[in-house]
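# Secondary and tertiary structure notes
Okay, here's what each chain looks like letter by letter:
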Amino acid sequence: MSVLEALGILGAGAAAGAINVVVGSGTLITFPVLLAFGYTPVTANVSNTIGLVPGSVAGAIGYRAELRDQGARLRRLALASTLGAATGATLLLTLPASAFKSIVPVFIGLALVGIVVQPRLGPALRARRGQAAQIGAGTLVAVFATGVYGGYFGAAQGILLLALLGITLEESLQRLNAVKNVLAGLTNLLAGVIFAIVAHIAWDAAALVAAGSVSGGILGARYGRRLPAGPLRALIVAVGVVAIVRLL
């Protein structure tokens, strides 16, 4: 690996770490960079997954104030998310990479619609069900499915989680973003452990992504927490549209 390639991967990791903490979709930066530097798709994917874990930890620490009093909720959601991650990681190692290509942009598009309509749709649905902050079976199944996707590939996993949680739970967008950071981090961590055991990891690339993602995660948490709900929602939609374009 040349110095220029190392700097490129480090910079991509920093950008991905910041974007992951504030919105999600950081994989759409690091994954193409690793491919451009000659890594095979599976090696790039698994190395990227491991590399982004420290950035998620840094982001979760930065959002610790927003995580306060959400411990019980996090435990239930984390179980569903990690079970999904294990399933998704297994699928990555057994299915062709093209398996999800046609449906991923559709998922992201639906998530963006959910983000936009959440301020009105979420309260209406919760009022109809009579539950403002309860986690129903449907929410757990959806979080599990998002974990499967995150363990398999993970691009825009954060956007999917934010849309889902925003519709089903009555919380501020920033508190939901804090939950999203923890769940996405756990998904990457569990998938990364599985990959480290059974897959080929480019540890030099993973280490560079990790170093960059930590600095990006710290900056993302510092400034992302200050964004009001409106601009944050607009940023999520903008990043999501870019993700769809790149995936297509």
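As the structure is a computational prediction, the values presented were derived from the model and not from experiment.

What counts and what doesn't
- The residue count restarts for each chain, going from 1 along the sequence in the order it is written.
- Totals for whole chains, interfaces and linings use every residue, but because this is a predicted model, local features are given only for residues with pLDDT of at least 70 and side-chain atom pairs only at 80 or more, for both listing and counting.
- As a rule here, side-chain values come from all non-hydrogen atoms in the structure, and water together with hydrogens is ignored.
- Note on conventions: DSSP H or I runs of at least 4 residues are helices, E runs of at least 2 residues are strands, and numbering of each starts at the N terminus.
- Categorising residues by exposure relies on relative accessible area from a 1.4 Å probe, with only protein chains included: less than 20% of the type maximum marks a residue as buried, more than 50% marks it as exposed, and the intermediate range marks it as partly exposed.
- Contacts were defined at the residue level, with two residues in contact if any of their heavy atoms lie within 4.5 Å.
- Methods summary: accessible areas were calculated by the Shrake-Rupley approach with a probe of 1.4 Å, and residue burial reflects only the protein chains presented.
- The pLDDT score gives, residue by residue, the confidence of the prediction method on a 0 to 100 scale.
- To qualify as a nonpolar core, a set must consist of buried Ala, Val, Leu, Ile, Met, Phe, Trp, Tyr and Cys residues joined through side-chain atoms within 4.5 Å.

### Here we look at the overall build of the chain
- Scanning the chain from terminus to terminus reveals 12 helices and zero strands.
- Counting helices and strands in the order they occur from the N terminus, the chain gives α-α-α-α-α-α-α-α-α-α-α-α.
- Burial statistics for the chain: of 248 residues in total, 52% are counted as buried.
- Counted over contacts in the chain with a minimum sequence separation of 6, partners at least 24 positions apart contribute 84%.
- Only carbon and sulfur atoms are counted for the fraction: they give 70% of the accessible area of the chain, which is about 10,600 Å².

### As for the confidence of the model for the chain
- Per-residue confidence for the chain averages 80 on the pLDDT scale, and 80% of its residues sit at or above 70.
- Within the chain, the element-level pLDDT minimum falls on helix α7 (residues 104-129), averaging 60, and the maximum on helix α11 (residues 203-224), averaging 91.

### Quick look at the nonpolar core
- If you look at the biggest cluster of nonpolar residues, it comprises 27 residues, and the most contacted ones within it are Ile 9, Tyr 39 and Phe 195.
- Among the elements of the structure, α1 (3-22), α2 (27-36), α3 (41-51), α6 (71-94), α8 (137-152), α10 (173-198) and α11 are those that each provide at least two residues to this core.
- Sorting elements by how many residues they give to this core places α11 first, with four residues.
- Once residues within four sequence positions are removed from consideration, Phe 195 is found in contact with Val 46, Thr 49, Ala 89, Leu 92, Leu 93, Gly 151 and Ile 201.
- Ala 60, Leu 161, Leu 169 and Leu 183 belong to the second largest nonpolar core, which has 22 residues in total.

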